[in-house]
Amino acid sequence: MKLNPKRVIYYERYLWDAFIVFAVFLFIYLFIQGFLISSGTVFGRSMENTYINNDKFVINKLKYLFTEPKRFNVVQVVAPGEKQLVIKRIVGMPGETVIIKRGSVFIKKDGNEEKIEEPYLNKNKMYTTVGSRQTEPKNFTLKKNEYFVIGDNRPVSKDSRSYGPVHRNRIVGYVAN
């Protein structure tokens, strides 16, 4: 049985077109994952009650190309001194001094000190420095492009209280619900 040359050309063309479509979709998917959005899974308890272990979330990598991070945004960061991606909440902005005392976060800027309200915290827990019962206030002065990030579940969160401020270039993106 002899193959029809027109049919062979048709199938070759069909396979080539299918390959091109697949390659374009693969490129678009990788571009979106790498530069626009990606997804993640919460590992651990550091952001409870906002996010619990195994919760899924979406990271908007595009948002901070056009705007600066804002206080109380939940962001994905590369933790300093580690290669691990974690999600934390921004409480301190560049140029401010963050003061942790009596389990509360105070912001000092231009000589004024103000306690920040954190309605997302579990009011039944005592919030201190990781692994200790803090009695003395702890101050962190942020430089240009530095942010103070902290977990919502303070007793178990490893965050800027232990590894210091996070530089802007270590913020991967905005965590969207």
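These numbers were taken from a predicted model, which means no experiment stands behind them.

## Regarding the layout of surface pockets
Size it by volume and the largest pocket reaches roughly 340 Å³. Along its surface, the largest pocket is lined by 20 residues, and F43, Q84, L85, V86 and I87 are the ones closest to its centre. At the level of secondary structure, the elements contributing two or more residues to the lining of the largest pocket comprise β1 (37–41) and β4 (85–92). Residue contributions to the lining of the largest pocket peak at four residues, all from β4. Taken together, the residues of the lining of the largest pocket break down into ten nonpolar, six polar and four charged.

## Let's talk about the side chain of D152
Relative to the elements of secondary structure, D152 occurs in the loop between β9 (146–150) and α3 (160–163). The class of D152 is buried, set by a relative accessible area of 1%. Among the polar contacts listed, one links the side chain of D152 to the side chain of T50, at a separation of 2.5 Å.

## Thoughts on the sheet that holds strand β11 (residues 171–176)
Reading across from one edge, β1-β2-β11-β3-β4-β9-β10 is the order of the seven strands in this open sheet, with antiparallel pairing throughout. Strand pairing shows two members of the sheet lacking a second neighbour, β1 and β10 (166–167), which therefore form its edges. The sheet contact formed by β9 and β10 spans two bridges and is antiparallel. By the bridge assignment for β10, E146 is matched with H167.

What counts and what doesn't
Residues numbered from 1 in each chain as written. Predicted model: local features only at pLDDT ≥ 70, side-chain atom pairs only at ≥ 80, totals over all residues. Heavy atoms only, no water. 1 Å grid on protein atoms, 1.4 Å probe; cavity = no way out; pocket = protein on both sides within 12 Å on 5 of 7 lines; lining within 4 Å. Points joined across faces, edges and corners; volume = space filled by probe spheres on them. Helix = DSSP H or I, 4+ residues; strand = E, 2+ residues; numbered from the N terminus. Nonpolar A, V, L, I, M, F, W, Y, C, P; charged D, E, K, R; others polar. Buried < 20%, exposed > 50% of the residue type's maximum accessible area, 1.4 Å probe, protein only. Polar contact = N/O pair within 3.5 Å; in protein donor to acceptor, adjacent residues only side chain to side chain. Pairing = 2+ DSSP bridges.

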